[in-house]
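Examination of the molecular architecture
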Amino acid sequence: MKNSINLFYDKKGKEPISMLTCYDYSTAKFLDESEVDAILVGDSLGMVFQGNNDTIPVTVDEMIYHTKAVRKGCPNKFLVIDMPFLSYHITKEDAIRNSGRVIKETGANAVKVEGGAEIIDKIRGLLDAKIPVLGHLGLTPQSVNVFGGFKIQGKSFENAKKIIEDALLLEKEGVFAIVLEGIPEKLAKFITEKLKIATIGIGAGRYTDGQILVINDIFGMYKDMMPKFVKKFGNVGEEMQRSIGGYVTEVKGKQFPEEKHTFAIEDDIIEKLKKEF
Ligand code: KIV
């Protein structure tokens, strides 16, 4: 059964919503066979896939490339594509054109954009164009240069007030859910209780309606940064290292390939070839 946007409305306040990021076809197939509710092709791919220090360099074309691959692997999941830095900030028309393009070319169901009041005209434009929008407030990574690093947001009265006002504004405008990233647990709880739409937390504590994490982090595959809110659910990184080591050892020791990995040819053909060359 295909997941739809309705899961966010149906599960609010009833059942936790689980989301994960994904960037490639092979991983997407595992996710499609899982019970995960929805998938985000996050611009975090700029860090965990491309090796940048932040998400700023990611382009619309790169988001499309990865999302097409993910969509092929998970045809049954509700799929959200992140709009990268500067693809929805300049004008409303630009935001609609870029978001419309990514939806048309990838088969994603919705876009995610970072920000509140300062981009509300763009969000309105997207919703008018019938593009579902997932909001994103708090430690929005595309603002890393304004925050002076990946710093927890919403700790002061003024900053917390701004996040609450933005959340209420986004809900009023019609986004279907809001990602709350890197904010204190009590603030996330307060916002979650105030909103009729679902909140999806990452580093926002236990009381949001759902959770999202970067898939490379839960696999234990990304070693550059390990925020406090991340939990490793596996040691895929260690297993990869072990597999690479095993392969190299066997190649060097001539244990791989074995006969069962080879393809046969008739001996008389080889004899004929020997005569010819
Ligand atoms: O880019 C991303 O992966 C995200 C989520 C982790 C919320 O924005």
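Residues numbered from 1 in each chain as written. Predicted model: local features only at pLDDT ≥ 70, side-chain atom pairs only at ≥ 80, totals over all residues. Heavy atoms only, no water.

This brings us to the packing of helix H2 (residues 25–32) against helix H4 (residues 60–73). Two elements in contact, H2 and H4, have axes separated by 7 Å at closest approach and are oriented at 40°. In terms of their interaxial angle, H2 and H4 are classed as oblique. Of the two elements, H2 crosses H4, and the hand of that crossing is right-handed. For the pair formed by H2 and H4, the contact residues are Tyr25, Ala28, Lys29 and Asp32 on the first element and Ala69, Val70, Lys72 and Gly73 on the second. Its residues assigned to classes, the contact of H2 with H4 shows 4 nonpolar, 1 polar and 3 charged. (Axes fitted to C-alpha atoms, helices over the stretch in contact; angles between N-to-C directions. Helix = DSSP H or I, 4+ residues; strand = E, 2+ residues; numbered from the N terminus. Parallel < 35°, antiparallel > 145°, perpendicular 65-115°, else oblique. Left-handed = near helix turned anticlockwise from the far one by under 90°. Contact = heavy atoms within 4.5 Å. Nonpolar A, V, L, I, M, F, W, Y, C, P; charged D, E, K, R; others polar.)

What follows concerns the domain arrangement of the chain. Entries for the chain in the domain assignment read domain 1 (6–234) and domain 2 (239–276). Relative placement of domain 1 and domain 2: their C-alpha centres are 46 Å apart. (Domains from an automatic or database assignment.)

On the surface, a nonpolar cluster with roughly 650 Å² of combined accessible area is contributed by Met221, Val236, Met240, Ile244, Tyr247, Val248, Val251 and Phe256. Assignment of secondary structure puts Val248 in helix H11 (residues 236–252). (Patch = residues over 30% accessible without salt bridge, like charges linked within 9 Å, V, L, I, M, F, W, Y side chains within 5 Å. Areas by Shrake-Rupley, 256 points an atom, 1.4 Å probe, with all protein chains shown as cover. Salt bridge = Lys/Arg side-chain N within 4 Å of Asp/Glu carboxyl O.)

Before going further, it helps to examine the packing of helix H5 (residues 92–106) against helix H6 (residues 120–128). Taken N-terminus to C-terminus, the directions of H5 and H6 make an angle of 45°; their axes are 8 Å apart at the nearest point. Of the possible angle classes, the one that applies to H5 and H6 is oblique. Of the two possible hands of crossing, H5 and H6 adopt the one that is right-handed. Only Asp121, Lys122, Gly125 and Leu126 of H6 make contact with H5, whose side of the interface consists of Lys92, Ala95, Ile96 and Ser99.

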